[in-house]
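Residue-level listing of the chains:
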Amino acid sequence: VESIKGLLDTSQMIFTVPAGSLTVAESEGLRRSMPEGTTIAVVKNTLMGRALDGTEFEPATTMLKGANMWFFIEDDISASIKTYNEFLKESGKVETHSISGGVLEGNAYDTEGVTAIGKLPTKDELYAKIAGAVKAVPTKVATVIKAPNSKLARAIKLATDKNNE
């Protein structure tokens, strides 16, 4: 229970999927494919219920039915959900192992809610967008500053050409 509480303390989000009929090779492959900061554990419902007690993830007690595999996500929520969904497609288990539900910031989400969270941009995608926006600003500023000067230079050149005539 203490180790699960430790995972809950460091997690931003948790979600669960059915744990039945996954081979050891499949679950090991899934664990290796997850982004850093995501831990996967199969936890008995009674132990998980005790660990959830008094935490922001307590709404997950409604998901304690059957064998569950829990995902404890510390950092990149969207990337973890996307990675799991890719695993489902590759393994052909979309029908049997879709996400049962999850909890984020004390709110319980059903399958559709967790899937919607997974469609948000990953942390790396957000960094790329911010970097692109920051990089574009100086270029635009330089273009705006340079434009009047080139027009001014053309006007001066025309004026001097006319004076020379």
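For every chain, the first residue of its written sequence is number 1, and the numbers climb from 1 along that sequence. In keeping with the predicted nature of the model, local features appear solely for residues at pLDDT of at least 70, side-chain atom pairs appear and are counted solely at 80 or more, and the whole-chain, interface and lining totals rest on all residues. Side-chain metrics in this entry use all non-hydrogen atoms of the structure; hydrogen atoms and water are not considered.

## Some thoughts on the overall build of the protein chain
Here is the rule we go by: Secondary structure follows DSSP: runs of H or I at least 4 residues long count as helices, runs of E at least 2 residues long count as strands, and numbering of each begins at the N terminus. We call a residue buried when its accessible area falls under 20% of the maximum for its residue type, exposed when it is over 50%, and partly exposed in between, using a 1.4 Å probe and counting protein chains only. Contacts were defined at the residue level, with two residues in contact if any of their heavy atoms lie within 4.5 Å. Accessible surface is estimated by sampling points in the Shrake-Rupley manner with a 1.4 Å probe; for residues, cover comes only from the protein chains shown.
Within the protein chain, the regular secondary structure consists of six helices and five strands. Secondary structure elements of the protein chain, listed N to C terminal, follow the sequence α-β-α-β-α-β-α-β-β-α-α. Across the 165 residues of the protein chain, 33% fall into the buried class. For the protein chain, restricting intrachain contacts to residue pairs at least 6 apart in sequence, the fraction spanning at least 24 positions comes to 80%. Summed over its atoms, the accessible surface of the protein chain is roughly 10100 Å², and 58% of this surface lies on carbon and sulfur atoms.

## Details of the pattern of salt bridges
How we decide: One side-chain nitrogen of Lys or Arg within 4 Å of one carboxyl oxygen of Asp or Glu is enough to make a salt bridge.
Counted under the stated rule, the structure contains three salt bridges. The partner of arginine 31 in a salt bridge is glutamate 28, with the nearest N and O atoms 3.8 Å apart. One end of the pair is arginine 31 and the other is glutamate 28, both in helix 2 (residues 24-33) and three residues apart, which spans about a single turn. Judged by its relative accessible area of 32%, arginine 31 falls in the partly exposed class. Overall, the relative accessible area of 33% leaves glutamate 28 in the partly exposed class. Between lysine 82 and glutamate 125 there is a salt bridge, and its shortest N-O distance comes to 3.5 Å.

## Brief notes about helix 4 (residues 77-91)
Turn by turn, an α-helix covers 3.6 residues, leaving residues three or four places apart pointing in a common direction. What counts here: For a helix, the expected span equals 1.5 Å multiplied by the number of residues minus one.
Helix length check: helix 4, at 15 residues, gives a terminal C-alpha distance of 21 Å against a target of 21 Å (1.5 Å per residue), a fit within 8%. Looking only at helix 4, the buried set comprises Ile77, Ser78, Ala79, Ser80, Ile81, Thr83, Tyr84, Phe87 and Leu88. Against strand 1 (13-18), helix 2, strand 2 (38-42), strand 3 (68-73), strand 4 (101-104) and helix 5 (111-118) lie the buried residues of helix 4. Positive phi appears at glycine 92, one or two residues downstream of helix 4, with a value of about 70°.

## Focus on the packing of aromatic side chains
This is how the line gets drawn: Pairing of aromatic rings covers Phe, Tyr and Trp, the last through its six-membered ring, and needs centres within 6.5 Å; plane angles under 30 degrees mean stacked, over 60 mean edge-to-face, and all others mean tilted.
Taken as a whole, this structure holds four aromatic pairs when the rule is applied. Taking the centre distance of 4.4 Å and the plane angle of 5° together, the rings of phenylalanine 15 and phenylalanine 71 count as stacked. Of this pair, phenylalanine 15 sits in strand 1 while phenylalanine 71 sits in strand 3; the two residues are 56 residues apart in sequence, bridging distant segments of the chain. Judged by centre distance (6.0 Å) and plane angle (35°), the ring pair of tyrosine 84 and phenylalanine 87 falls under tilted. Separated by three residues within a single helix, tyrosine 84 and phenylalanine 87 lie in helix 4, roughly one turn from each other. Taken as a pair, tyrosine 84 and phenylalanine 87 share a single burial class, namely buried. Counting every residue linked through ring pairs, the aromatic cluster contains Phe15, Phe71, Tyr84 and Phe87.

## What about the packing of helix 2 against helix 4?
Worth spelling out the cut-off: Angles run from 0 to 180 degrees between N-to-C directions of axes, and those axes are lines fitted to C-alpha atoms, restricted for helices to the stretch in contact. Should the near helix be turned anticlockwise from the far one by less than a right angle, the crossing is left-handed, and should it be turned clockwise, the crossing is right-handed.
Packing of helix 2 against helix 4 brings their axes to within 10 Å, and their N-to-C directions diverge by 145°. With respect to the hand of their crossing, helix 2 and helix 4 are arranged in right-handed fashion. Within the contact between the two elements, helix 2 uses Glu26, Leu30 and Ser33 and helix 4 uses Thr83, Tyr84, Phe87 and Ser91.

## Let's talk about a nonpolar patch on the surface
Rules: A patch consists of residues whose relative accessible area exceeds 30% and which take part in no salt bridge; residues with like charges are grouped when within 9 Å of each other, and nonpolar side chains (Val, Leu, Ile, Met, Phe, Trp, Tyr) when within 5 Å.
A surface patch of nonpolar side chains, about 410 Å² in accessible area, is lined by Leu126, Tyr127, Ile130 and Val134. Checked against the element boundaries, tyrosine 127 lands in helix 6 (residues 123-164).

## Description of the packing of helix 1 (residues 2-10) against helix 3 (residues 45-52)
Going by this rule: Here roughly perpendicular refers to angles of 65 to 115 degrees, roughly parallel to angles under 35, roughly antiparallel to angles over 145, and oblique to all remaining angles. Throughout, the ten residues Ala, Val, Leu, Ile, Met, Phe, Trp, Tyr, Cys and Pro are labelled nonpolar, Asp, Glu, Lys and Arg are labelled charged, and all others, Gly among them, are labelled polar.
Taken N-terminus to C-terminus, the directions of helix 1 and helix 3 make an angle of 50°; their axes are 9 Å apart at the nearest point. Classified by the angle their axes make, helix 1 and helix 3 are oblique. In the packing of helix 1 onto helix 3, the handedness of the crossing is right-handed. Residues Ile4, Lys5 and Leu8 of helix 1 lie in contact with helix 3, whose contacting residues are Met48, Arg50, Ala51 and Leu52. Of the residues assigned to the contact of helix 1 with helix 3, the class counts are five nonpolar, no polar and two charged.

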